[in-house]
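Each chain, letter by letter, is given below.
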Amino acid sequence: MTQRRDDLFSEIEDALSIEPSPEFEAKVRARVIERSPARRSPVLIFIAGLSVAALAGWVVWSRPAVPLAPSVSVAAPALARSSDIGSPAMPGSVQRLSSNRAAVVASRTAPGRPTPEPEVLTNQPAILRAIWARMSAETPVEEEPQVSAEEPKLFETSLIEVRPLKVAPIVIRTLDESDDKE
Amino acid sequence: MHEFAERLSGAVLNRADESAAEDLAREFEARLADCSKLAVRVAYGVLRQREDAEDVAQEAFVRAHRCFHQLRDRDAFRAWLVRMTWRLAIDHRRSAMRRSAREQFASCDDRAAPTSEDDVIAAERSRRLWTAIDALPEKLRLAIVLASIEGHGIREVAALTGAPEGTVKSRLFDARKILQEKLR
């Protein structure tokens, strides 16, 4: 058994008994020098960097335009069309839209492009004031007073007189009773 | 040699001075001379082609060179080199087997064709042996190949494979048993 094992091992050993060629070490050295980082061409590094930058730029510019503020679609809001932006009827707070938002809206309504769904900007107080102004044209809508950053001083505030309130007695009715009355 | 040392100084992040780089290059040269036979034989145990085995062994040395500052210990270097060479050889063989043109050559020995009757018998015996070794599970195959190189004992094989000695002993026993059955 032992002899058999030894035979087997010596057989495998013989089969594996090859020597590296004389130029083996020289080839390793050549490969090491060839693959060292200092060997990499600066032109190739520059081209690789340029292509990465171009790819990043393309990704950024090809991204679809996203509205900067959430918008709500309505059925037929004559006042809220984007063409009204900047018209005298709109109050100042709407006219003070940021240029980015105006550019987004203008790009959507540019000639040659299909007319998008009407949109309402979400500056709701200003839009409500504009609607009110159109319905009652003779009564101009006043701007909200600007809130001062300074706190009011104590001696300038007027005293508020509080009168006692009269409250009717509270009557609790059950649901059945109220239904009967109706 | 000087250029080789310069490349090595680049590999250690330009921190070492020139003398340290030369020391490192000298150490790598020593490892290269010491372990080239081991690497070639390990690769040959998988590939059975001298040129391919040398190519794979050279690639393993190049990779070892890249992280040589972590592998300065001789035993660590040998173990790392054996495992890397084995893995590269397995990958090389798989890719070679995908190419139908080389498939026939992958299974035959590249030594000189046998002339006499004894040579024919020996070649047939060798062919059967390698067929049996190829059929072994990978862990058993690595153990028996390493045990057949440079007279490695169980302890050396355990150090090279990173497995416990008991595991190596068991693997060698299983491998021998399977081979004896197939070669009977």
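Residues numbered from 1 in each chain as written. Chains lettered and ligands numbered in written order. Predicted model: local features only at pLDDT ≥ 70, side-chain atom pairs only at ≥ 80, totals over all residues.

A. Geometry of the overall build of chain A. On a plain count of helices and strands, chain A comes out with seven helices and two strands. Looking at chain A as a whole, 10% of its 182 residues qualify as buried. Contacts in chain A between residues at least 24 apart in sequence constitute 77% of all its contacts with a sequence separation of at least 6. (Helix = DSSP H or I, 4+ residues; strand = E, 2+ residues; numbered from the N terminus. Buried ≥ 20, exposed ≤ 12 C-beta atoms within 10 Å, placed from the backbone. Contact = placed C-beta atoms within 7 Å.)

B. Expanded view of the overall build of chain B. Scanning chain B for helices and strands turns up nine helices and zero strands. From first element to last, N terminus to C terminus, chain B shows the α and β order α-α-α-α-α-α-α-α-α.

C. Up close: the interface of chain A and chain B. Taken residue by residue, the interface counts 25 residues in chain A and 28 residues in chain B. The set of elements that each furnish at least two residues to the side of chain A that touches chain B consists of α1 (2-15) and α2 (24-35) of chain A. Top element by residues in the side of chain A that touches chain B is α2(A). It accounts for nine residues.

D. Main features of the nonpolar core. Of all hydrophobic cores here, the largest spans 48 residues; its most connected members are Ala39(B), Ala43(B), Ala143(B) and Leu146(B). Contributing elements (two or more residues each) for this core: α1 and α2 of chain A together with α2 (18-47), α3 (50-66), α4 (74-98), α7 (138-147), α8 (154-161) and α9 (165-183) of chain B. If one sorts the elements of this core by residue count, α2(B) sits on top with 13 residues. Formed jointly, this core draws a minimum of three residues from each of two domains, domain 1 (1-110) and domain 2 (113-184) of chain B. In contact with Leu146(B), not counting residues within four places along its chain, are Val82(B), His152(B), Val157(B), Leu160(B) and Thr161(B). (Core = buried A, V, L, I, M, F, W, Y, C linked by C-beta atoms within 7 Å. Domains from an automatic or database assignment.)

E. Representation of α2(A) in the model. All names here are of chain A. Spanning 12 residues, α2 covers 17 Å between terminal C-alpha atoms, matching the ideal 16 Å at 1.5 Å per step. Within α2, the full set of buried residues consists of Val28, Arg29 and Val32. In an axial view of α2, the angular spread of the buried residues amounts to 100 degrees, which keeps them on one side of the axis. Opposite the packed face of α2, turned more than 90 degrees from it, sit the exposed residues Ala26 and Glu34. (Expected span 1.5 Å × (residues − 1). Arc of directions from axis to C-beta.)

F. Just the environment of Arg78(B), in detail. Residues and elements named next belong to chain B. By the secondary structure assignment, arginine 78 is in helix α4. Spatially, the C-alpha atoms of arginine 78 and serine 36 are 10.0 Å apart, while their sequence positions differ by 42 residues. Non-local contacts of arginine 78, meaning those with residues more than four positions away in its chain, are made with Cys35, Leu38 and Leu160.

G. Broad picture of unusual backbone geometry. Residues and elements named next belong to chain B. The phi angle at arginine 48 is positive, at roughly 60 degrees, despite the residue not being glycine. If you trace the backbone, arginine 48 turns up in the loop between α2 and α3. Notably, glutamate 150 is not glycine yet its phi reads approximately 55 degrees, a positive angle. By secondary structure assignment, the location of glutamate 150 is in the loop between α7 and α8. The class for glutamate 150 is exposed, based on 12 C-beta atoms found within 10 Å.

H. Region of the structure containing the packing of α2(B) against α4(B). All names here are of chain B. The geometry of α2 relative to α4 is characterised by a closest axis approach of 9 Å and an angle of 35 degrees between their N-to-C directions. Remark: the crossing between α2 and α4 carries right-handed chirality. Together, Arg31, Cys35, Leu38, Ala39, Val42, Ala43, Val46 and Leu47 of α2 and Phe77, Arg78, Leu81, Val82, Thr85, Trp86, Ala89, Ile90, His92 and Arg93 of α4 make up the contact between the two elements. When its residues are assigned to classes, the contact of α2 with α4 shows 13 nonpolar, two polar and three charged. (Axes fitted to C-alpha atoms, helices over the stretch in contact; angles between N-to-C directions. Left-handed = near helix turned anticlockwise from the far one by under 90°. Nonpolar A, V, L, I, M, F, W, Y, C, P; charged D, E, K, R; others polar.)

I. Spotlight on the confidence of the model for chain A. Residue and element names in this part refer to chain A. Chain-level pLDDT for chain A is 67 on average; 46% of the residues reach the 70-or-more range. For chain A, per-element mean pLDDT is lowest for helix α4 (residues 92-95), which scores 46, and highest for α2, which scores 90. Note that residues 71-97 has pLDDT below 50 and, in this model, 52 contacts with residues that lie over four places away or in other chains. (pLDDT = per-residue confidence, 0-100.)

J. Representation of α9(B) within the structure. Residue and element names in this part refer to chain B. In this model, α9 (19 residues) spans 27 Å end to end at C-alpha, consistent with the 27 Å of a helix rising 1.5 Å per residue. Turning to α9, its buried residues are Val168, Arg171, Ala175 and Leu179. The arc enclosing the buried residues of α9, seen along the axis, measures out at 65 degrees, which places them on a common side. Residues of α9 that are exposed and angled more than 90 degrees away from the buried face: Gly166, Lys177 and Glu181.

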